[in-house]
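# Observations on the three-dimensional arrangement
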Amino acid sequence: MSLIWLALAAIAVWALVRLGRQSEGRGRGQWRVAATLFSAVMLAGGVLLAFRGAWLPAVGLIGASLWLTVASRQRLVPPRSDALSDRDARAILGVSADATVQDINAAWKRLMARAHPDQGGTEGLASRLNAARDRLLKR
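Residues numbered from 1 in each chain as written. Predicted model: local features only at pLDDT ≥ 70, side-chain atom pairs only at ≥ 80, totals over all residues. Heavy atoms only, no water.

## Structural notes on the overall build of the protein
Counting its secondary structure elements, the protein contains 6 helices and 0 strands. Overall, the protein shows an N-to-C arrangement of helices and strands of α-α-α-α-α-α. The proportion of buried residues among the 139 residues of the protein is 25%. Excluding contacts between residues fewer than 6 apart, the proportion of contacts in the protein whose partners are at least 24 apart in sequence is 56%. Only carbon and sulfur atoms are counted for the fraction: they give 63% of the accessible area of the protein, which is about 9900 Å². (Helix = DSSP H or I, 4+ residues; strand = E, 2+ residues; numbered from the N terminus. Buried < 20%, exposed > 50% of the residue type's maximum accessible area, 1.4 Å probe, protein only. Contact = heavy atoms within 4.5 Å. Areas by Shrake-Rupley, 256 points an atom, 1.4 Å probe, with all protein chains shown as cover.)

## Remarks on a nonpolar patch on the surface
Taken together, the side chains of Ile4, Trp5, Leu8 and Ile11 define a hydrophobic patch exposed on the protein surface, amounting to about 450 Å² of accessible area. Of note, Ile4 is situated in helix α1 (residues 2–22). Judged by its relative accessible area of 52%, Ile4 falls in the exposed class. (Patch = residues over 30% accessible without salt bridge, like charges linked within 9 Å, V, L, I, M, F, W, Y side chains within 5 Å. Salt bridge = Lys/Arg side-chain N within 4 Å of Asp/Glu carboxyl O.)

## Concerning the packing of aromatic side chains
Scanning the entire structure with this criterion turns up 0 aromatic pairs. Directly above the aromatic system of Trp108 lies the positively charged group of Arg133, at a separation of 4.1 Å from the ring centroid. (Phe/Tyr/Trp six-rings, centres within 6.5 Å; stacked < 30°, edge-to-face > 60°. Lys NZ or Arg CZ within 6 Å of the ring centre and 35° of its normal.)

## So, the pattern of salt bridges
Close approach of charged atoms lets side chains of opposite charge pair. For the structure shown, the criterion picks out 2 salt bridges. Notably, a salt bridge pairs Asp86 with Arg135, separated by 3.0 Å at the nearest N-O pair. On the criterion of sequence distance, the pair formed by Asp86 in helix α4 (residues 86–93) and Arg135 in helix α6 (residues 123–137) is long-range, its members being 49 residues apart. Two residues, Arg133 and Asp134, come together in a salt bridge whose shortest N-O distance is 3.6 Å. For Asp134, a relative accessible area of 31% corresponds to the partly exposed category.

Here you go:
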C-alpha cells in the first residue's frame, strides 16, 4: 500500500513541477508556495518514515522533497528575441527606406501617442516601437 502512496506522491511532484515551469508569469508565486508546502509535507513524511524504520521510502521522500524545493526555486529565462532588422523596424514605424531622422521621430511620436501604456496601449507594443526607432536611428 505504501508503494501506491509513493507513486501518487511522485506523480504529484511531477505535476507541480510541470505546472510551475509552464507559468513563468504572475502565477509563479502561487506555484512556489504550493511547491514549498508540498515539499515540507514530503520532508516531514520522510522523517516520520525514517523514525519508524522504513529507510527506503524515507530516503525517497526526503530526496523528492529536496529536489522539489530546488526545482521550484529555479527560474527559467525566457528566450530573448534578437534585435530587429532594418526592414522590420521600418515596417513597424511605417517609414520608407530613405526616411530622415525627422520622419522617423515624427512616425514614432505619432504611433507612441496611441501605443503608450498610459494612453491605453501595451508595454510590449511601446517597447517594440522604441526598439524600431532605436534601430533606425543607430544605423
